Amino acid sequence: MEIFDIEEELKKLPNSPGVYIMHDKNEAILYVGKATNLHNRVRQYFRSGHGHNNSPKILKMVSQISYFEYIVTASEMEALILECNLIKEHRPKYNTLMTDDKGYPYIRITLNDDFPKVMMSHRMSRDKSMYFGPFTDGKAVHDTLALLKKLFKLRNCNKHIDSEKADERPCLYYQIGQCTAPCAGYVTKEEYRKQIDETISFLNGNTKDIENQIKEEMKKAAENMEFELAAEKRDLLHSIKAISEKQRINNVSTEDRDIIALARNKGDAVISIFFVRDGTLIGRENHHMSSDESDTDSEIITEFIKQYYVGIPFVPKEILTVTEINDEEIISKYLSERKGQKVNIIIPQKGEKKGLIKLAEDNARLVLSQDIERIKKLEKRTIGACAEIADIIGIEKASRMEAYDISNISGYHSVASMVVFVDGKPKRNAYRKFRLKTVEGPDDYASMKEVLSRRFTNDSLGDYPDVIMMDGGKGQIHIAQMVLDSLGIDIPVCGMVKDDNHRTRALLYNEKELEFSSGSEAINMITALQDETHRFAITYHKQLRSKEQVKSILDDIKGIGPARRKALLLYFKEIEAIKQASIEELASVEGMNEKSARAVYEFFN
């Protein structure tokens with residue numbers, strides 16, 4: 001690049017709000033910041049005696065700046081949002097960063113359906129569903145869903161049920177008394193909606209009525225000497241009490257609020273955040289922040305709030321913190337706009353809110369003293385391994401990696417898998433399966449060409465990766481590079497190399513093998529990525545082969561389509577039973593007639 005004259009470029013800075021980006025000589029991003037006035041703010045870094053540039057961290061960062069760039073925005077609000085997104089995307093070395101990035105599950109009720117489903121969801125969409133959460137413990141959500149379905153006999157399937165055509169045979173959940181079988185028309189739309197209303201009431205914390213009801217049922221079962229039923233009711237009662245006692249906070253208003261506290265020890269900082277929804281403590285999280293000793297508490301908590309709330313769908317009405325934050329007015333305005341109502345950032349001085357802050361502080365200190373090494377080890381295995389891979393390859397970052405594999409048996413049902421790791425962890429909702437459309441026979445190169453072409457011409461398949469990992473040799477790498485070149489896309493492509501014992505040992509990049517040090521976290525991650533890619537492809541292949549085995553036997557019979565095939569399998573359970581059935585037995589199956597029954601009989605006999 002051309003020589004960058006910092007002094008000349010400083011003169012050109014506009015007196016406008018915006019975001020500035022500091023780069024080193026290798027073009028890596030060192031720091032991202034926002035400014036109300038770019039001219040004044042950026043110049044401060046290169047002038048002595050201007051407060052923030054006196055800290056050791058900033059002095060070290062400034063000494064590495066080779067050039068800077070900036071983006072002018074229409075307002076400080078726009079600058080804040082852009083700053084948050086750029087930090088999240090590039091994870092600059094000298095920004096104070098959250099080292100873990102989590103998803104937040106919800107309980108979703110699909111109220112727009114005739115017979116609503118109750119399920120876990122990892123995002124809150126603007127649809128007609130009702131959402132509860134976010135929850136911070138995925139296992140607790142699964143346990144709660146299992147309890148709800150048992151208590152209120154909610155359907156456990158993903159079928160589309162038409163109230164006018166609900167005539168399927170009920171499944172096992174109906175037989176064991178855990179579903180009212182709307183699929184079979186055994187419950188009306190209005191009756192099922194009552195079950196849903198009771199579920200909503202329960203999730204809102206109204207458990208007393210259901211507890212009293214179960215107590216009566218338990219008492220009645222015991223009086224009738226139905227001891228197994230009484231024991232089942234007792235266990236249900238214990239489950240409800242355990243959930244309600246774990247979640248309830250006494251003497252707290254029903255406002256939604258997050259409580260944020262900080263604990264520090266030299267360069268280590270832990271943020272504890274407690275979640276209160278409708279007066280109920282639904283969980284807590286701890287986040288390790290990569291900070292410098294010179295960073296103030298206010299700076300660390302400010303960075304946490306900016307990075308955390310830009311990435312989650314739910315914003316509470318109140319955020320309690322231990323200290324004032326920088327840019328409070330603009331951050332509060334941004335959060336209020338996202339929520340659609342006023343969001344208050346409060347520093348409690350006394351009373352119950354101060355007590356909640358103390359609870360969060362105690363938790364943060366405990367985590368700092370007991371779990372910081374575990375958190376650091378996890379960071380080393382994930383984000384640290386990504387940084388090591390990027391360093392070995394010689395690229396800026398390797399936060400998002402995609403790996404591909406082709407699976408076939410003598411070319412039959414060639415399928416491919418795309419597995420995605422983000423910050424060193426599997427991102428399973430980004431995995432994709434491909435059934436080959438244009439390739440016949442065992443041609444892995446042609447198959448990979450089709451898969452990569454489909455992936456990189458379909459914007460719905462997510463962000464492009466920082467690096468592509470191929471589960472194959474030079475041929476696969478060349479195919480990938482050829483596809484990317486034809487599309488004008490520049491993404492590094494590596495091959496994952498195995499040794500004679502089928503253990504991952506190196507990367508193949510630019511025709512060279514890149515070795516890793518013994519016990520490297522990077523090689524462990526690449527091994528996990530390669531194993532996961534292979535597992536995912538094989539699993540998909542098995543599913544297709546299983547479907548094809550059923551299809552080849554029944555769908556080759558004239559007059560037997562998907563509906564009749566399904567009806568036969570539901571009724572007889574096994575292919576062998578269909579083979580041995582008489583014409584009369586076959587004709588008695590719903591949807592069958594004498595002609596189709598005779599066709600099946602004659603096919604097998």
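Anything mentioned here points back to the structure above.
Residues numbered from 1 in each chain as written. Predicted model: local features only at pLDDT ≥ 70, side-chain atom pairs only at ≥ 80, totals over all residues. Heavy atoms only, no water.

We now examine a nonpolar patch on the surface. Taken together, the side chains of Leu172, Tyr173 and Ile176 define a hydrophobic patch exposed on the protein surface, amounting to about 300 Å² of accessible area. Among the secondary structure elements, Tyr173 is positioned in helix H6 (residues 172–175). Overall, Tyr173 belongs to the partly exposed group, its relative accessible area being 34%. (Patch = residues over 30% accessible without salt bridge, like charges linked within 9 Å, V, L, I, M, F, W, Y side chains within 5 Å. Areas by Shrake-Rupley, 256 points an atom, 1.4 Å probe, with all protein chains shown as cover. Salt bridge = Lys/Arg side-chain N within 4 Å of Asp/Glu carboxyl O. Helix = DSSP H or I, 4+ residues; strand = E, 2+ residues; numbered from the N terminus. Buried < 20%, exposed > 50% of the residue type's maximum accessible area, 1.4 Å probe, protein only.)

Let us look at the layout of surface pockets. A volume near 1000 Å³ is recorded for the second largest pocket. Along the walls of the second largest pocket sit 37 residues, with Ile29, Arg91, Pro92, Lys93 and Ala387 positioned nearest its centre. Contributing elements (two or more residues each) for the lining of the second largest pocket: strand S2 (29–35), helix H3 (56–63), helix H4 (76–90) and helix H13 (372–393). The element contributing the most residues to the lining of the second largest pocket is H13, with six residues. Along the lines of polarity and charge, the residues of the lining of the second largest pocket split into 13 nonpolar, ten polar and 14 charged. (1 Å grid on protein atoms, 1.4 Å probe; cavity = no way out; pocket = protein on both sides within 12 Å on 5 of 7 lines; lining within 4 Å. Points joined across faces, edges and corners; volume = space filled by probe spheres on them. Nonpolar A, V, L, I, M, F, W, Y, C, P; charged D, E, K, R; others polar.)

Neither face of strand S17 (residues 467–470) is exposed, since Val467 and Met469 on one face and Ile468 and Met470 on the opposite face are all buried. Where the polypeptide runs from S17 across helix H15 (residues 474–487) and back to strand S18 (residues 493–498), its parallel neighbour, the crossover connection is right-handed. (Right-handed = clockwise from strand over helix to strand, strands pointing away.)

A separate point is the pattern of salt bridges. In total, this model carries 24 salt bridges according to the counting rule given. The partner of Asp327 in a salt bridge is Lys34, with the nearest N and O atoms 3.4 Å apart. In this pair, Asp327 is assigned in the loop between strand S11 (318–321) and helix H11 (328–339) and Lys34 in strand S2, connecting sequence segments 293 residues apart. One salt bridge in this structure joins Arg454 and Glu450, with 2.8 Å as the shortest N-O distance. Taken as a pair, Arg454 and Glu450 lie in helix H14 (residues 444–455) at a separation of four residues, close to a single helical turn. On the basis of relative accessibility, which here comes to 9%, the residue Glu450 falls in the buried class. Connected via shared salt-bridge partners are Lys34, Glu76 and Asp327.

A word on unusual backbone geometry. Its identity is not glycine, yet Lys153 carries a phi of approximately 55°, on the positive side. Looking at the secondary structure, you find Lys153 in the loop between helix H5 (138–152) and H6. With a relative accessible area of 33%, Lys153 lands in the partly exposed category. Notably, Glu511 is not glycine yet its phi reads approximately 70°, a positive angle. The topology assignment puts Glu511 in the loop between strand S19 (504–509) and strand S20 (512–515).

The contact between H14 and H15 brings their axes to 9 Å, and the two run at 35°. Between H14 and H15 lies a crossing whose hand is right-handed. Touching Asp444, Tyr445, Met448, Lys449, Leu452 and Ser453 of H14 are Gly475, Gln476, Ile479, Ala480, Met482 and Val483, all from H15. Looking at the contact of H14 with H15, its residues break down into seven nonpolar, three polar and two charged. (Axes fitted to C-alpha atoms, helices over the stretch in contact; angles between N-to-C directions. Left-handed = near helix turned anticlockwise from the far one by under 90°. Contact = heavy atoms within 4.5 Å.)

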